[in-house]
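Geometric and topological summary
Residue strings, one per chain:
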Amino acid sequence: MAAVQVADSLPSGQPREAPREAIPERRNAFRRLSARLCALRPDDSSSARTEIHLLFDQLISENYSEGSGVAPEDVSALLVQACRLVPLNQNHLVSKVSQLIHHLLNRLQVIVDEQHLDFLLAYTISAIHQCSSWTHMEILQALAALVYCNGSKWYIPTLIVHITFELFSLYAFSVPGQPYLEEPYQNICFQAFLTILQSPKSSDMDDITFCMLLQNALKGIQSLLNGGRMKLTQTDELGALLAVLKKFMFHGLPGLNIEMPTVLYPTPLPQYDGRTPIKPQQSESSASRPTLKKSKVKPKKIQQGEEEEKESSGEIEAASVTGTGRVNLHEGNTWSPSSLGVQSLPLDGSGAAGKDGVSSPFSSSSWKRVSSSESDYSDAEGGMQSKMRSYQAKVRQGALVCFLSTIKSIEKKVLYGYWSAFIPDTPELGSPQSVSLMTLTLKDPSPKTRACALQVLSAILEGSKQFLSVAEDTSDHRRAFTPFSVMIASSIRELHRCLLLALVAESSSQTLTQIIKCLANLVSNAPYNRLKLSLLTKVWNQIKPYIRHKDVNVRVSSLTLLGAIVSTHAPLPEVQLLLQQPCSSGLGNSNSATPHLSPPDWWKKAPAGPSVEETSVSSPKGSSEPCWLIRLCISIVVLPKEDSCSGSDAGSAAGSAYEPSPMRLEALQNDRQILCITVLLGLNDSKNRLVKAATSRALGVYVLFPCLRQDVVFVADTANAILMSLEDKSLNVRAKAAWSLGNLTDTLIVNMETPDPSFQEEFSGLLLLKMLRSAIEASKDKDKVKSNAVRALGNLLHFLQPSHIEKPTFAEIIEESIQALISTVLTEAAMKVRWNACYAMGNVFTNPALPLGTAPWTSQAYSALTLVVTSCKNFKVRIRSAAALSVPGKREQYGSVEQYARIWNALVTALQKSEDTIDFLEFKYCASLRTQICQALIHLLSLASASDLPCIKEILELNGNMVQSYIVQFLKSGAEGDDTGAPHSPQETDQMVRMALKHMGSIQAPAGDTARRTIMGFLEEILAICFESSGSQGALPGLTNQ
C-alpha cells in the first residue's frame, strides 16, 4: 500500500512543485468545484450520480501540489461531503471517491483532523465489507493514504491489525472453489500476528487500545487456523503460540498476573497404547522429566492420607481447598480456609455432609463476587473500570477461541505433550495450584469466558481415551518421583473435583450446560477400572438434581452424562451399585443452581417392599425397585410434554433449537453473522459428504433470510457454492444442493418484487448463465435432484431481464432450458418431478420479456401441458398444468388460432374426464381439478379474439351443457360451502365471468357471425342460473343490452 501511495511522486518521494503563477488558479478551481460539491444533497437519481461522477473526475484531473494554497480543513470537509453523497451500494462511485481521497491526500500532503479522519476511516472500512471485490484496490489505496498520512503511533498498528484481519477473512477463504491464501503469505500473516501478541504494551498506548490490538491479532490467527487451514508443524512455532495463548487466557483476571516463557515445550510422552504396564518402573523411565514434580516419601504419605480423609470428612475437604484447588493471589485477594464455608450441600438423599467429597459450594460472599456475571461489578465500579474489565474479558475469550482452533489444527498426540500446561494436577500439600483451564472455570467473573474455557477443556478431553488409559492409582509411596501413570490419574481426580465444584457454584444455565458436557467427555474417556472407587459415585449423586433443571439444555446434557456413566467400562461394579439406588436418592434435594421442577410421579414410585437405606450406595440389598433411570427415560419419551419433567415449552424449544432462524441470525453482531456465513461457505469444501450435504442445505435456508437475500455478494457466493456441490459424486449432496438452488432462485423472484431494481442490475449475467447450465444438467439427474432442478429453471427463466434475453449468448441457453422443462413434463418420472416441471412452466409464462407465442418452443410447451391435463393419472399434476395454461395474460401469447383451439379443446376434455380415475385416492382432488379448469376456460374466454370464436362455438355446441354445469358449480361452490379448492370468493368468481362476458361484447365480429352471440348467451345463462339460485334480482340488465 505504501508503494501505491507514492505512485504520483518523483523518485525522490517529493511531489512536483507547481509554478507560482498556477497556484491561485488551482486554488480557485478547487474552491469552485468544492462549492459545487458541497451544494449537492444525497440523491439516488441517475442525473445526480452523473453530476457527482463529473465533479469527481474534475477534482481528480487537477494536478495539485503541496504548495497549491488549499487549506487542509477545506480538503477534509470536501472528502467528508463526497463520502456522504456516495452510498456504499454504488460500487462505481465508491471506487471514484476512493481515488479522490488517495489523490488529494497524496498530492496536497494535508493532515486530516481527528473528527474527519474517524469518519473517513469508518467509511472506507465499511466499503471493504459491502462493496464488490473489484473496488477493493482503490479503497485500499484511500485507506493507505488516510493511515500513513494521518495515523498516530498507537492508532496505526491497531488499525492495520483490524484491517488485515478483515481483508484476510474476505480474500483468504470467502469464495468457495477458489484457492486459499498461499502458504508463504499465511506464514507472514501468522508471524505478524504472533509478534504483536509477544510484544509488550508501549508506554503511550492506553489499556483499552491494547486490548483491541490483542483481540484483532487473536482473531487473525484464528482465521488462519480455521479458514486458511494452516497447519502448525514446527514445535517452536506451536510452542510460541501456546505460550501467548496461555498468557492472554488470564489477561486482566482479578488478582492474577502470570509470566510466561516465550515458548512452551512439550513434555516427552510414553508410547501409550492402552495396555497396563507390566512394571511400574516402565512408566518411571518414560515419564516426562522436565515437568514431573518430585516429592519425598513422607509428604507423599501425608497427601495420600489427606485424600483418604477427604472421602470421609467434608470439613477437611472444605478446609483444604486453598491448598488443592486455588491459585495464589496477590495480597488483598488471598483465599484462606476461614473465608470458605464448611456447610455441606446434601445431594445423596441422606443429608450427610461428606459423602460426595464436593459438598461445599462456597457459601461466603467471596465466592459470590468471583463467580458473578460481568454486569455485577458495573454498578460498584466506575464506568471506565467496567469498560476495561469488559475488554479484558474479550481478550480472554479471544485467546480461548483461538486455542480451540489450535486444538483442531494439530494432532492429538502433539496436543497431549502440553497436557500439564493446561490441565490441573493435584498439588502437593501446602503448595499452590498451578494456573490451568480450571482456574478460569472457577474464578473468571464472566460466564462467557467460563463457558469458553470449558469448551476448550472438552475439546482436549474428546478422543483422549487412549492417552488417559495409562492412568493408574497406586498405593506404593516409596518412590522418589511420581510415575507418569500416577500423574495422569491425579489429573483425572483433580478434574473431577474442580468440575464438581464449578457445577454447584454456577448460576448461568449456558455455562452449566458446558460443565456437564465437559464432565460427560471426561467420564467417556477416563479409565475408571484403573482408578479408585467413588469418582463416578460423586458425579452420579451430584448430577441427579439437574435432570429437573428449568433449562432444557441442562436437562439434556444431564441425561447425556448419566448415559456416559452407565456405559463406562460396562459392567463396572460401581455403576451397577448406582443403578440399584432408589429413585429418590439425590432427587429430593435441590439448591439455587438446580431449580425444582416436579416430574411425573409414576416413574419415581417404588413398588411395595422393604425400605431401602438411601444414605448408603454400597448396601442396596433388600431393594426390589426397578431401575429408576429406565423409568425416567421412558417417561420423557412416552408422556406428553406438558406431563413430563420438561417445561411446557421444552418440546418446541428442543425441536427448533438447531433450525436456522433469521431472527437468531439478525440478533447476532455483524462479525458473528460474517463468521456464521464464512464457516458455512468454508464447510462446503468438506470432503465429508454428510457435512457437505448439511452445509448445502443450511445455505439454502440462509439464502431465504430477509437480512441476507438482498445482499448480492452473499447470494452470488452461495450460488457458486451450491453449483459446486451440484457436481458432487454423492447423490445426497446433489439432492441437497438442488433443493438449495431452488430456494436461491425463489429469492431471486422475491427480490424482483421489491421497488429497488439494484439487485437485478448488479446480479451477474455470467452467473445466471452458469446457473442455467447447471440446472439443465441437474434436470437429467435422479428424481431427487431433478424435482428441484426444474423448479430452479422456472425461477431463473422468470428472473431473466430484457437486457439478458436480447443477448445472443442467452438465446441458446433459454431454448435448452425450456426443452428440458418440456421433456420433464412429458417424462414418466415421479409425480413430484412432473408437478414441479408444470409449476416451472407456469413460472416461465409469467416473464413478459420471453417471446411466448412467437418462439418455436411455444407450441411444444402448450402441447406438453395439454397432454398432461387430459391424461396424467395424478390429479395434482393435472391441476398444476391447468394452472400453468391460465398464466399468460395476453391473447398473442397463446399463439395461433389453431393453438388456441387445441388448448380450449384440451381443457374441455380434461373437464369431461375429471372424474375418470381408477385410483380412489385421486377422487379427493376431483373438485379442485374442475375448479382450476373452469378458471382456465373463463380466462381464455376473457382473452379470445374474433377469429377464436368459431372454434369455441363448435365445442360449446357439443359439450355446452357439461361445461355450463361445472362452471355453475364452480361459481356456487364458495356460497354453498363445497370444498372444491377454489381460491376465490363467490364474488370474485362472479366477477371473472362478468369480465369474460364484457370482453365478448367488445369483440367486433363480422356481420352474420353467430358465434359471438352464442358464447354471450352461454355466459349470460350461467350468470342467470347462479343468481336465480341465490335469490338475487335485477343484476343482469345492462350486460344483455351490450
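Here the residue numbering is sequential within each chain, running from 1 through the sequence in written order. The model is predicted, so local features are restricted to residues of pLDDT at least 70 and side-chain atom pairs to those at 80 or more, both for listing and for counting; the totals for chains, interfaces and linings are taken over all residues. Excluded from the side-chain calculations are hydrogens and water; all other atoms, namely the structure's heavy atoms, are used.

1. Observations regarding the overall build of the protein chain
To keep things clear, this is the line we draw: Only DSSP runs of H or I covering at least 4 residues are called helices, and only runs of E covering at least 2 are called strands; the numbering of each starts at the N terminus. Buried means the residue's accessible area, taken with a 1.4 Å probe over protein chains only, is under 20% of the maximum for its type, while exposed means over 50%, and partly exposed covers the values in between. When checking whether two residues touch, look at their non-hydrogen atoms; a contact exists if any pair is within 4.5 Å. Here the open area of atoms and residues is found with the Shrake-Rupley method and a 1.4 Å probe, where only the protein chains shown may cover a residue.
In terms of regular secondary structure, the protein chain is built from 48 helices and zero strands. Looking at the protein chain as a whole, 53% of its 1042 residues are labelled buried. Excluding contacts between residues fewer than 6 apart, the proportion of contacts in the protein chain whose partners are at least 24 apart in sequence is 74%. When the accessible area of the protein chain is evaluated, it comes to approximately 46900 Å², of which 53% is carbon and sulfur surface.

2. Concerning the packing of helix H40 (residues 808-826) against helix H41 (residues 831-845)
Helix packing for two helices is described by the angle between their axes and how far apart those axes are. In plain terms, the rule: The axes used here are C-alpha line fits, helices contributing only the stretch in contact, and every angle between their N-to-C directions lies in the interval 0 to 180 degrees. Reported orientations rely on four angle classes, namely roughly parallel under 35 degrees, roughly antiparallel over 145, roughly perpendicular from 65 to 115, and oblique for the rest. By definition, any crossing whose near helix is turned counterclockwise from its far helix by less than a right angle is left-handed, and any crossing with a clockwise turn is right-handed. Three classes are used: nonpolar for Ala, Val, Leu, Ile, Met, Phe, Trp, Tyr, Cys and Pro, charged for Asp, Glu, Lys and Arg, and polar for all others, with Gly counted as polar.
Look at H40 against H41: their axes get within 8 Å of each other, and the N-to-C directions meet at 140°. Here H41 runs oblique to H40, going by the angle between their axes. The crossing of H40 and H41 is left-handed. Between H40, through Ile818, Leu821, Ile822, Thr824, Val825 and Leu826, and H41, the contact on the second element is made entirely by Val833, Arg834, Ala837, Cys838, Ala840, Met841 and Val844. Classifying every residue of the contact of H40 with H41 gives 11 nonpolar, one polar and one charged.

3. Some words on the environment of Ala145
Relative to the helices and strands, Ala145 resides in helix H7 (residues 136-150). On the basis of relative accessibility, which here comes to 0%, the residue Ala145 falls in the buried class.

4. Here's the deal with the nonpolar core
Definition in use: The criterion is simple. A nonpolar core is a set of buried Ala, Val, Leu, Ile, Met, Phe, Trp, Tyr and Cys residues joined through side-chain atoms within 4.5 Å. Where a domain begins and ends is set by an automatic assignment or by a domain database.
Counting 123 residues, the largest nonpolar core has Leu748, Phe763 and Met771 as its most contacted members. By residue number, the principal contributor to this core is helix H46 (residues 949-976), which donates 12 residues. When residues of this core are sorted by domain, at least three fall in each of domain 4 (663-850) and domain 5 (884-1030). If we skip the residues at most four places from it in the chain, Phe763 touches Val712, Val715, Leu748, Leu768, Met771 and Phe799. Residues Phe210, Ala421, Cys452 and Leu519 belong to the second largest nonpolar core, which totals 108 residues.

5. Looking at a nonpolar patch on the surface
Applied cut-off: Surface patches are drawn from residues lacking salt bridges whose relative accessible area is over 30%; two like charges belong together within 9 Å, two nonpolar side chains (Val, Leu, Ile, Met, Phe, Trp, Tyr) within 5 Å. We count a salt bridge whenever a side-chain nitrogen from Lys or Arg sits within 4 Å of a carboxyl oxygen from Asp or Glu.
Where nonpolar side chains cluster on the molecular surface, the patch consists of Leu675, Val679, Leu683 and Val691 and spans about 270 Å² of accessible area. Per element, the largest residue contribution to the nonpolar patch is three residues, and it comes from helix H31 (residues 670-683). Along the chain, the position of Val691 falls in helix H32 (residues 689-702). We classify Val691 as partly exposed; its relative accessible area is 30%.

6. Quick notes on the side chain of Gln964
Here Gln964 shows up in helix H46. On the accessibility criterion, Gln964 (11% relative accessible area) is buried. Dropping the residues within four chain positions of it, Gln964 is found in contact with Phe1018, Glu1021, Ile1022 and Ile1025.

7. Topic: a negative patch on the surface
Just so we agree on the cut-off: The charged-residue count follows a simple rule in which Lys and Arg add positive charge and Asp and Glu add negative charge, with His and chain termini not counted at all. To locate a charge, take atom NZ for lysine, CZ for arginine, CG for aspartate or CD for glutamate.
Side chains of Glu73, Asp74, Asp113, Glu114 and Asp118 sit close together on the surface and give a patch of like negative charge. Among the secondary structure elements, Asp118 is positioned in helix H6 (residues 114-130).

8. Examining the confidence of the model for the protein chain
Put simply, the rule reads: Confidence of the predictor at the level of single residues is given by pLDDT, which spans 0 to 100.
Looking at the protein chain as a whole, the pLDDT averages 74, with 70% of positions reaching at least 70. Within the protein chain, helix H21 (residues 447-461) carries the highest mean pLDDT (93), whereas helix H14 (residues 314-319) carries the lowest (31). Confidence drops under a pLDDT of 50 for residues 271-381, and excluding neighbours within four residues, the segment shows 194 contacts in the predicted structure. Here residues 588-624 is modelled with pLDDT under 50, and outside its nearest four sequence neighbours on either side it reaches 70 contacts, counting other chains as well.

9. Brief notes about H21
How we decide: How far a helix is expected to stretch is found by multiplying one less than its residue total by 1.5 Å.
Its 15 residues place the ends of H21 21 Å apart at the C-alpha level, agreeing with the 21 Å of an ideal helix rising 1.5 Å per residue. Across the 15 residues of H21, 13 count as buried, placing the element largely inside the fold. In the stretch just after H21, Gly463 is the one whose phi turns positive, near 75°.

10. Some thoughts on the pattern of salt bridges
Tallying each qualifying case throughout the model produces 16 salt bridges. Where Asp671 meets Lys219, a salt bridge forms, and the shortest distance between an N and an O atom there is 3.8 Å. Linking Asp671 in helix H31 with Lys219 in helix H10 (residues 207-226), this pair joins segments that are 452 residues apart in sequence. Note on Asp671: relative accessible area 35%, which makes it partly exposed. For Lys219, a relative accessible area of 28% corresponds to the partly exposed category.

11. Considerations on the environment of Leu533
You can see Leu533 is positioned in the loop between helix H24 (509-525) and helix H25 (535-543). The spacing of Leu533 and Glu574 is 41 residues in sequence and 7.2 Å in space, taken between C-alpha atoms.

12. Overview of unusual backbone geometry
In this structure, Gln109 takes a positive phi of about 55° despite not being glycine. With a phi close to 95°, Ser534 is a non-glycine residue in the positive phi region. Positionally, Ser534 belongs in the loop between H24 and H25.

13. Section: the packing of aromatic side chains
Put simply, the rule is: The criterion for an aromatic pair is that two Phe, Tyr or Trp rings (for Trp, the six-membered ring) have centres within 6.5 Å, with stacked assigned to planes under 30 degrees apart, edge-to-face to planes over 60 apart and tilted to the rest. In our convention, an over-ring charge means Lys NZ or Arg CZ found within 6 Å of a ring centre and within 35 degrees of that ring's normal.
Using the criterion set out here, one finds 12 aromatic pairs in the structure. Both rings, one in Phe845 and one in Tyr862, keep their centres 5.3 Å apart while their planes meet at 45°; by these two values the pair is tilted. Remark: Tyr862 occurs in helix H42 (residues 857-871) and Phe845 occurs in helix H41; sequence separation between them is 17 residues. Phe845 sits in the buried class, given a relative accessible area of 2%. Seen in terms of ring centroids, Tyr894 and Tyr900 are 6.3 Å apart; in terms of plane orientation they differ by 85°. Their pairing is edge-to-face. For the pair Tyr894 and Tyr900, one class covers both residues: buried. Grouping aromatic residues by their ring pairs yields a cluster made of Tyr416, Trp419, Phe467 and Phe484. Its guanidinium or amino end placed over the ring of Phe422, Lys246 lies 5.8 Å from that ring's centre, counting from NZ or CZ. The side chain of Lys394 reaches across the aromatic face of Tyr391, ending 5.4 Å from its centre.

14. Description of the packing of helix H38 (residues 783-799) against H40
Closest axis-to-axis distance for the H38/H40 pair is 10 Å, and the angle between their directions is 140°. One element, H38, and the other, H40, form an angle in the oblique class. Relative to H40, H38 is oriented so that their crossing is left-handed. Across the interface between the two elements, Lys786, Val790, Leu793 and Leu797 from H38 touch Ile814, Ser817, Ile818, Ala820, Leu821 and Thr824 from H40. A class-by-class count of the residues in the contact of H38 with H40 yields seven nonpolar, two polar and one charged.

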